[in-house]
Amino acid sequence: MIKSNLPVILLKDLVLLPFQEVRVEIKSEISKKVTEISKLYHDGEVLIVCPLNSLEEKPDTSDLPKIGVVGKIRNIIDLPNGNKRVIISGLYRVRIISYVNYSNEEDILDSIITNIESIDSELESTAYLRKLINELELYVNKNPFITNAIMSQIKSCTSLDMLSDLVGNFLTLSFEKKLSLMLDISPISRAKSLIKELAIESAVMDLEGHIETEIKKSLDDTQKEFILKEKLKVIKNELGEFNSKDEDVLTFKEKLLIEKLPERIKNKLTNEIERYNSTSEMSPDSGVIRNYIDYLFSIPWYLSTQDEKDLLKIEKKLNSSHYSLEAAKERIVEYIAVKSINPDVISPIICLVGPPGVGKTTFAESISNALNRKFVKISLGGMSDSAELVGHRRAYIGSNPGKIVSSLIKCGSNNPVFLLDEVDKLKKDYKGDPASTLLDILDTSQNKRFVDNYLDEEVDLSKVLFILTANDVSSIPVALLDRLEIIELSGYSDEEKLYISESYLVPTILKKYGLKNNIIKFDKESLLKIITDYTNESGVRELERSIDKIIRKVITEHIKSSRKIVSTRIKEDNLNNYLEKELFNSSKLKTIKESGIVKT
């Protein structure tokens, strides 16, 4: 037994067998030092070891294998990125007695190794040598990607030890199997494993040929474009796997058993799933049926959010977001109070009517926050196609449910707050009359049986709280108006606008720009001047824009001067620095010179 020592390179995710040549890109400084030491003191020889766990960054020496391969460094190329590309040839296996540190280099691993003596029977080795060559010939004849030149190299080999390593080099094996071959010191044991692998590969190629033959028989000229899909199908059938459609059917059936659904919907889904199962995967109807099943499962038939029942909390939330609007707030509180006594009470259909900018749309969203419900907004302005609300029938290509059902699916709840915005701006043309469609949706005695054209099944809308908005009540069709509970929202007085500015608009805008609440202050006189001389509206939309513009200009002035934003007060006499000229002059009183006479 001859002992010697060699520096060690840990080769991760790559196995080097004897008589094999590999190219390795070395990145670590430790491995670079090992190559230098090998060239200087060991005639380019180095011990290649494959860690059993490639995920460990610095494996313990006790976890390293006791078998390695002595490699010869044939060439070293310095790369532009600082790494080294090393070409290593495997020479022979050795047994590792122990791992030690290399001289004074604590980071470099050294090894004490000894040669491995074969204990296999010569007669048995010869038998396995011939068997391995025969199996290899069969495999090479079946595999069109391997040249016959390999066989000439193999047949000249008389050593089973060498032959098993040569076969292991070119045979496509997984990392684990190749590592097992490297660690196996018995040529006969390696030959057994390789004969088994060659037999498996030959059987797989036979099966592939069988699959190819079966597919060619089943295809005609019109089906040639589907050859790859048919090939995949046969392979999956041979492996006992299901295709995606079968998996879909199983998933649908499981959901049908688990999910809580109305009985009529369960029966409908059962029929549709069977129909989907019997439809060809190539048929266009397959996708249509699948989409329909998905929509039926997605509707929140029994899913509801829990309403906030504390009336004081509801009032507080509504007051924190909107000033005044007492009638609207009172109606919402009354609805929740009655609902606490009778949970089955029908939701009111409320229509907020008022001039632009008084907060109709944002108030509807505040209602959903106060009641702890999901919020959905559907804009009706300019809508002329009733199918947008109730969907198209499944007979049409690309059909989908209407906005009512789609919004229910998106919010995932059957009791959201639905805002139908700008109901007075609906249009009527050859496509339909959306106002007539709304009659069915907003009728509290009928909307529990609302039918979407796409679903063709009843959906309960009675738990939905519908809030509509309009600017002009006279533009709403009479039949629709009869179903609405009108709440008038009048414009704000100057005093109310002043309070809204101080308590809501200024703090909200400052928060939007990430500023502290009192960093920019407005005098009351400056706010009143903006209200009277720069805006002339019932709501506060233009007022909000003006305040926003002033704050933006203040921020811009400070940033241009490379100064931190400091406390700033906006006074009446410096409004001209931030806003354009006054649009209205409230100081000029309109006087009538002579009663009953118009001067032209």
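Notes on the structure follow. For clarity, every value in this text was computed on a predicted model and none was experimentally measured.

Cut-offs used in this document
- Residues numbered from 1 in each chain as written.
- Predicted model: local features only at pLDDT ≥ 70, side-chain atom pairs only at ≥ 80, totals over all residues.
- Heavy atoms only, no water.
- Pairing = 2+ DSSP bridges.
- Helix = DSSP H or I, 4+ residues; strand = E, 2+ residues; numbered from the N terminus.
- Axes fitted to C-alpha atoms, helices over the stretch in contact; angles between N-to-C directions.
- Parallel < 35°, antiparallel > 145°, perpendicular 65-115°, else oblique.
- Left-handed = near helix turned anticlockwise from the far one by under 90°.
- Contact = heavy atoms within 4.5 Å.
- Nonpolar A, V, L, I, M, F, W, Y, C, P; charged D, E, K, R; others polar.
- Phe/Tyr/Trp six-rings, centres within 6.5 Å; stacked < 30°, edge-to-face > 60°.
- Buried < 20%, exposed > 50% of the residue type's maximum accessible area, 1.4 Å probe, protein only.
- Lys NZ or Arg CZ within 6 Å of the ring centre and 35° of its normal.

Considerations on the pairing of strand 4 (residues 67–78)
- For strand 3 (residues 45–49) and strand 4, the ladder comprises 4 bridges, and the chain directions are antiparallel. In the strand pairing of strand 4, Leu-47 is matched with Val-70.
- The hairpin turn running from strand 4 into strand 5 (residues 84–102), its antiparallel successor, is 5 residues long, and Gly-82 in that turn takes a positive phi close to 95°.

Details of the sheet that holds strand 7 (residues 349–353)
- With parallel pairing, the 5 strands of this open sheet are ordered in space as 8-9-12-7-13. Each of the sheet's edge strands pairs with one partner strand only, and the pair in question is strand 8 (375–379) and strand 13 (485–488). When strand polarity is set aside, the average angle formed by the axes of neighbouring strands in this sheet is 20°.

Re the packing of helix 18 (residues 494–512) against helix 19 (residues 524–534)
- At a closest axis distance of 10 Å, the pairing of helix 18 and helix 19 adopts a crossing angle of 125°. When the interaxial angle is binned, helix 18 and helix 19 end up oblique. Considering the relative orientation of helix 18 and helix 19, their crossing is right-handed. Here Asp-494, Lys-497, Leu-498, Ser-501 and Glu-502 of helix 18 come into contact with helix 19, specifically with Lys-524, Leu-527, Leu-528, Ile-531 and Thr-532.
- In terms of residue class, the contact of helix 18 with helix 19 is made up of 4 nonpolar, 2 polar and 4 charged.

Brief notes about the packing of helix 8 (residues 244–258) against helix 9 (residues 263–278)
- Following both chains from N to C, one finds helix 8 and helix 9 inclined at 170°, their axes separated by 10 Å at the closest point. When the axes of helix 8 and helix 9 are compared, the pair comes out roughly antiparallel. On the side of helix 8, the interface is formed by Lys-245, Asp-246, Asp-248, Val-249, Phe-252, Lys-253 and Leu-256, while helix 9 contributes Lys-266, Leu-269, Thr-270, Ile-273, Glu-274, Tyr-276, Asn-277 and Ser-278.
- Classifying every residue of the contact of helix 8 with helix 9 gives 6 nonpolar, 3 polar and 6 charged.

Considering the packing of aromatic side chains
- For the coordinates displayed, the defined rule picks out 6 aromatic pairs.
- With 4.4 Å between their ring centres and 45° between their planes, Tyr-323 and Tyr-499 make a pair best called tilted. Taken together, the residues span a long stretch of sequence, with Tyr-323 in the loop between helix 11 (311–321) and helix 12 (326–341) and Tyr-499 in helix 18 at a distance of 176 residues.
- Tyr-499 gets classed as partly exposed once you look at its relative accessible area, which sits at 39%.
- Three or more aromatic residues joined by ring pairs make a cluster, and in this case those are Phe-252, Tyr-276 and Phe-297.
- The side chain of Lys-260 reaches across the aromatic face of Tyr-302, ending 5.0 Å from its centre.
- Between the NZ or CZ atom of Arg-394 and the centre of the ring of Tyr-292, over which it lies, the distance is 3.6 Å.

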